[in-house]
Amino acid sequence: MRIVFLGAPGSGKGTQAQRLMAEHGLVQVSTGDLLRTAVAAGTDLGLRAKAAMDAGDLVSDEIVLGMIRHRLQQDDTRAGFILDGFPRNLTQARALEDVLADISQPLDTVILLDVDLDILMKRLTGRRTCSLTGKLLNVYFSPQEEIDACLEAGGELIQRADDNEETIGNRLKVYRELTEPLIDYYRDTGLLQTIDGSGDIEVVYENLVNAVGLGGNRE
Ligand code: AMP
């Protein structure tokens, strides 16, 4: 199963992709994660991407497409993958079609996680990652036990560098201007399915597995 997750920053793409990966063996391919890893490692690519990421702008198509081509040629993606945060503009969407045609792995579905703006803001400003487990948490929404479990085990709640209010504003603007046109693009291909991403993580996940046709596989 090959899926694209579309949705604004904070719509829950990463959270839902991690769970689909854990429960259904699909590989999460997040261009944001790949870029953050490159920045942290100080590679040439990371250095070139950092300024755009800090500002909440898109990293150049050339960098992102090179990264995605390389990632999708690795064997672990053969069993299926979720593209999380890619494509983010029309050029990337068209290039993705070429890459997938080359490896004979066409998309099965595109999921749009639809979330209201006020919820997006809280999700983004409250978002943290546990330094020990990598688990995604939110200071407004996560159960207190989950936050305490991280802290009591000696972990820290890490906030992403680009989860500050100024950068968030620009990321949402970039989403509206460059990424939202992909909704019509994928609607026209007949692959688009929209899921209400505002509710509880469990409910969104349930709707998601049903939408991608994996609902019957649990247990
Ligand atoms: P994300 O973790 O998906 O929110 O991505 C974090 C940042 O990485 C974005 O604000 C962009 O600067 C950059 N980025 C991630 N994916 C892409 C992409 N497909 N195209 C361009 N830039 C990207």
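Owing to the predicted nature of the structure, the values given are computational and were not obtained by experimental measurement. (Residues numbered from 1 in each chain as written. Predicted model: local features only at pLDDT ≥ 70, side-chain atom pairs only at ≥ 80, totals over all residues. Heavy atoms only, no water.)

J.: So what exactly am I meant to see when it comes to the side chain of Arg128 here?
T.: Position of Arg128 relative to the elements: it lies in strand E5 (residues 127-130). For the buried Arg128, which has no salt bridge, the nearest side chain bearing the opposite charge is Asp163, at an N-O separation of 6.3 Å. At 3.1 Å, the side chain of Arg128 forms a polar contact with the backbone oxygen of Thr125. Excluding anything up to four places from it in sequence, Arg128 contacts Lys135, Leu136, Leu137, Val139, Leu157, Ile158 and Gln159. (Helix = DSSP H or I, 4+ residues; strand = E, 2+ residues; numbered from the N terminus. Buried < 20%, exposed > 50% of the residue type's maximum accessible area, 1.4 Å probe, protein only. Lys, Arg positive; Asp, Glu negative; His and termini not counted. Salt bridge = Lys/Arg side-chain N within 4 Å of Asp/Glu carboxyl O. Polar contact = N/O pair within 3.5 Å; in protein donor to acceptor, adjacent residues only side chain to side chain. Contact = heavy atoms within 4.5 Å.)

J.: Looking at this structure, how should I read the pairing of strand E4 (residues 109-114)?
T.: In regular strands, side chains alternate between the two faces of the sheet. Counting buried positions along E4 gives five out of six residues, so the element sits mostly inside the fold. Pairing between strand E1 (residues 2-6) and E4: four bridges, direction parallel. Bridged to Phe5 within E4 is Ile111. In terms of strand pairing, E4 meets strand E8 (residues 192-196) through five bridges, oriented parallel. Each bridged residue has a counterpart across the sheet, and for Leu113 the counterpart in E8 is Ile195. (Pairing = 2+ DSSP bridges.)

J.: Please explain the state of the cysteines as it appears in this structure.
T.: Disulfides are covalent bonds that connect the sulfur atoms of two cysteines. The full count for this structure, using the stated rule, is one disulfide. The disulfide partner of Cys130 is Cys150, and the S-S distance across this bridge is 2.3 Å. Since a negative S-S torsion denotes a left-handed disulfide, the Cys130-Cys150 link at about 90° is right-handed. One end of the pair, Cys130, is in strand E5; the other, Cys150, is in helix H7 (residues 144-152), with 20 residues separating them in the sequence. As far as the burial class goes, Cys130 and Cys150 line up, both buried. (Disulfide = S-S within 2.5 Å.)

J.: Hey, could you run me through the packing of helix H3 (residues 44-55) against helix H4 (residues 61-72) in this one?
T.: Two numbers describe a pair of packed helices, the interaxial angle and the distance between the axes. Axis separation between H3 and H4 bottoms out at 10 Å; the angle between their running directions is 135°. By the angle between their directions, the pair H3 and H4 is classed as oblique. Remark: the crossing between H3 and H4 carries left-handed chirality. Contacts between H3 and H4 involve Leu45, Arg48 and Ala49 from the former and Glu62, Ile63 and Met67 from the latter. Considered class by class, the residues forming the contact of H3 with H4 number four nonpolar, no polar and two charged. (Axes fitted to C-alpha atoms, helices over the stretch in contact; angles between N-to-C directions. Parallel < 35°, antiparallel > 145°, perpendicular 65-115°, else oblique. Left-handed = near helix turned anticlockwise from the far one by under 90°. Nonpolar A, V, L, I, M, F, W, Y, C, P; charged D, E, K, R; others polar.)

J.: Just checking my understanding: could you explain the pattern of salt bridges for this structure?
T.: Two side chains bearing opposite charge may form a pair once their charged atoms approach each other closely. Per the stated rule, a full pass over the model turns up 13 salt bridges. Asp184 is the salt-bridge partner of Arg187, the closest N and O atoms lying 2.8 Å from each other. Note that Arg187 and Asp184 are positioned in helix H9 (residues 181-189) at a spacing of three residues, about one turn of the helix. Look at Arg187 and you get partly exposed, because its relative accessible area is 47%. Judged by its relative accessible area of 46%, Asp184 falls in the partly exposed class. Members of the salt-bridge network, linked through shared partners, are Arg127, Arg160, Asp162, Asp163 and Arg171.

J.: How should the site of the ligand be read in this particular structure?
T.: Neighbouring the ligand are 16 residues; Thr31, Arg36, Asp57, Arg88 and Gln92 lie closest to it. Within the contact set of the ligand, a nitrogen atom lies 2.8 Å away from a side-chain nitrogen or oxygen of Thr31. At 3.1 Å, a side-chain N or O of Arg160 approaches an oxygen atom of the ligand. In isolation the ligand has 480 Å² of accessible area, and contact with the protein removes 96% of it. The element that contributes the greatest number of residues to the shell around the ligand is helix H2 (residues 31-41), accounting for four residues. (Near = heavy atom within 4 Å. Areas by Shrake-Rupley, 256 points an atom, 1.4 Å probe, with all protein chains shown as cover.)

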